[in-house]
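# Understanding the architecture of this molecule
Chain by chain, the residues run as shown.
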Amino acid sequence: MKFAVGKSRLTATAKARLAAFAGQIVQSDCASVDLQAHRVKVKSARTNRVRQALGVRRSAAVRSYLIAQGVTIPITTKVVLARDNRTVYGHLIDAVTPA
């Protein structure tokens with residue numbers, strides 16, 4: 001899911017996609033949901049801290065929205081390093097773990 005550069009606010013499109021995803025989770029027998037925000041490591045320690053914090057805020061926004069949509073199973077979030085800028089930077093990848 002895409003976010004505006006430097007932002008963690010969910011767009012209307014993101015909310016619609018997450019609402020549909022939440023419906024699928026609620027109807028399934030999933031045991032948990034793992035959310036991963038991907039970021040790229042750069043040379044600047046300050047930039048890495050800023051990007052890490054942004055990834056945490058983005059993951060939290062998605063997690064909060066899913067909970068508001070009725071998802072009651074455990075939702076874990078983490079920020080992971082992507083290989084490069086072309087590798088899903090600024091996106092959240094949702095992986096559902098079946099029961």
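In this text, all values refer to a predicted model and were calculated from it rather than measured experimentally. (Residues numbered from 1 in each chain as written. Predicted model: local features only at pLDDT ≥ 70, side-chain atom pairs only at ≥ 80, totals over all residues. Heavy atoms only, no water.)

## Focus: the overall build of the protein
- For the protein, the count of helices and strands is 2 helices and 3 strands.
- For the protein, the α and β elements follow one another from N to C terminus as α-β-α-β-β.
- A burial count over the protein gives 32% of its 99 residues as buried.
- Considering only intrachain contacts with a sequence separation of at least 6, the fraction spanning at least 24 residues in the protein is 81%.
- Counting every atom, the protein has about 6200 Å² of accessible surface; 54% of that belongs to carbon and sulfur. (Helix = DSSP H or I, 4+ residues; strand = E, 2+ residues; numbered from the N terminus. Buried < 20%, exposed > 50% of the residue type's maximum accessible area, 1.4 Å probe, protein only. Contact = heavy atoms within 4.5 Å. Areas by Shrake-Rupley, 256 points an atom, 1.4 Å probe, with all protein chains shown as cover.)

## Topic: the confidence of the model for the protein
- For the protein, the average pLDDT comes to 81, and 83% of its residues sit at 70 or higher.
- Note on residues 87–99: pLDDT under 50 across the span, and 49 contacts to partners over four residues away in sequence or across chains. (pLDDT = per-residue confidence, 0-100.)

## Thoughts on the pairing of strand 2 (residues 75–82)
- By the bridge criterion, 8 bridges tie strand 1 (residues 30–40) to strand 2 in an arrangement that is parallel. Bridge pairing in strand 2 links Gln36 to Lys78. (Pairing = 2+ DSSP bridges.)

## Remarks on the environment of Val50
- Within the secondary structure layout, Val50 lies in helix 2 (residues 45–68).
- For Val50, a relative accessible area of 43% translates into the label partly exposed.
- Residues Val50 and Gly6, spaced 44 residues apart in sequence, show a C-alpha to C-alpha distance of 9.2 Å.

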